[in-house]
Amino acid sequence: MSSTRVTNPWVFIRTVRPQARLNLVCFPYAGGGAQIFNSWQAAFSDVQICAVQYPGRGSRVKETPFTDCQLLVEAFIPHLLPLLNKPFAFLGHSMGAIIAYEVARRLQQEHGLQLERLFVSGRRAPQTVVQEPPTYNLPDPEFMEELRRLNGTPQAVLDHPELMQLMLGIIRADFTLTQTYKYTPGPKLNCPISVFGGLEDVDVTREQLDGWCELTNNRCSVQMFEGDHFFIQTNDKPVLRTVSEQLIRRI
C-alpha cells in the first residue's frame, strides 16, 4: 500500500492498493470533487477507491466544467478504461448517480464491459418525469438560498464571498447538467443495482428511488438511511458498511 496519486486527470486515487481485487469508481455530487471520498478507503481492504475528479475543481480548477452529461461521459470514458483491467463497480451520489449510470450504459453497449454492481444514491430514477422549475439560472441571491436549503454547501463557504464567487460557476454548471439531462430509453443494465436514499431527503422520494429497479435485468434493492440529501456524508458509516458487505459477496 502506498499514498500517491495515479497520473490521470479524471481519477484520484489517494491510497494505492495493488492487492485490491475490485475498483470502486466513485462519482461526486454537484459542486463536489474527488476529496469527498478521501476517508472512504479506510473502510475497505480488498477494494480500491477511485474518486472521479470533474473538470473545474481540485487540480483541474482552471478547466471549464461540463454542462452536458453525455459530453462529460464521452470525454471521461477513455480515461476510465485503463482502470477496468480488474472487476469494477460504480457508486454515484445525486448528480454522480446519473453520470455513473450513463457511463455504465455506454461501457455495456459500446465496449461489452459490465459492472459488478452499480450503487446509486440520493437521486430519483432517470426515467422519472418531475415537473420542477429549473434553479441553475436563478440570480445569485436566489441561487445561494437554494444552496442553503439543500444543505450540501459548507456554511463557511456560503459565508465567504470570494470563495463562493469561485464556486458559483462550478455549481451552476453542475446544476445545468442535472436539470437539463434527458433520459433516452435503451437496453437495461445486466448488473445488480443498489439504491440508497435519505429518510429526511425532501427532494427524492422512496417511490422515485424504486424506479431504478426498472433499469436492470439483474437484482435491485432499495435501502433508506437516516439523514437528508447528503446522508452519505453525515451518516457515512452504515452506508460504507452496506457497500462493503454487498461488494464482498461479489469478490
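Scoring rules and cut-offs
Residues numbered from 1 in each chain as written. Predicted model: local features only at pLDDT ≥ 70, side-chain atom pairs only at ≥ 80, totals over all residues. Heavy atoms only, no water. Buried < 20%, exposed > 50% of the residue type's maximum accessible area, 1.4 Å probe, protein only. Helix = DSSP H or I, 4+ residues; strand = E, 2+ residues; numbered from the N terminus. Pairing = 2+ DSSP bridges. Right-handed = clockwise from strand over helix to strand, strands pointing away. Axes fitted to C-alpha atoms, helices over the stretch in contact; angles between N-to-C directions. Parallel < 35°, antiparallel > 145°, perpendicular 65-115°, else oblique. Left-handed = near helix turned anticlockwise from the far one by under 90°. Contact = heavy atoms within 4.5 Å. Nonpolar A, V, L, I, M, F, W, Y, C, P; charged D, E, K, R; others polar.

Quick look at the pairing of strand E4 (residues 88-93)
Stage number 1. Among the six residues in E4, six count as buried, and that is most of the element.
Stage number 2. The side-chain alternation of E4 yields two buried faces, one formed by Phe88, Phe90 and Gly92 and the other by Ala89, Leu91 and His93.
Stage number 3. Pairing of strand E2 (residues 22-27) with E4, which is carried by five bridges, proceeds in the parallel orientation. Along E4, the bridge assignment pairs Asn23 with Phe88.
Stage number 4. As paired strands, E4 and strand E5 (residues 118-121) are joined by four bridges and run parallel to one another. By the bridge assignment, Phe90 is partnered in E5 with Leu118.
Stage number 5. Following the backbone out of E4, through helix H2 (residues 95-111) and into the adjacent parallel E5, one traces a crossover that is right-handed.

Details of the packing of helix H1 (residues 69-80) against H2
Stage number 1. For the pair H1 and H2, interaxial distance at closest approach is 10 Å and the crossing angle is 60°. If you check the angle between H1 and H2, you find them oblique. Considering how the two elements wind past one another, H1 and H2 form a crossing that is right-handed. The residues of H2 that touch H1, namely those facing Cys69, Gln70, Leu72, Val73, Glu74, Phe76, Ile77 and Leu80, are Ile98, Ile99, Glu102, Val103, Arg106, Leu107 and His111.
Stage number 2. Grouping the amino acids of the contact of H1 with H2 by side-chain chemistry returns 10 nonpolar, two polar and three charged.

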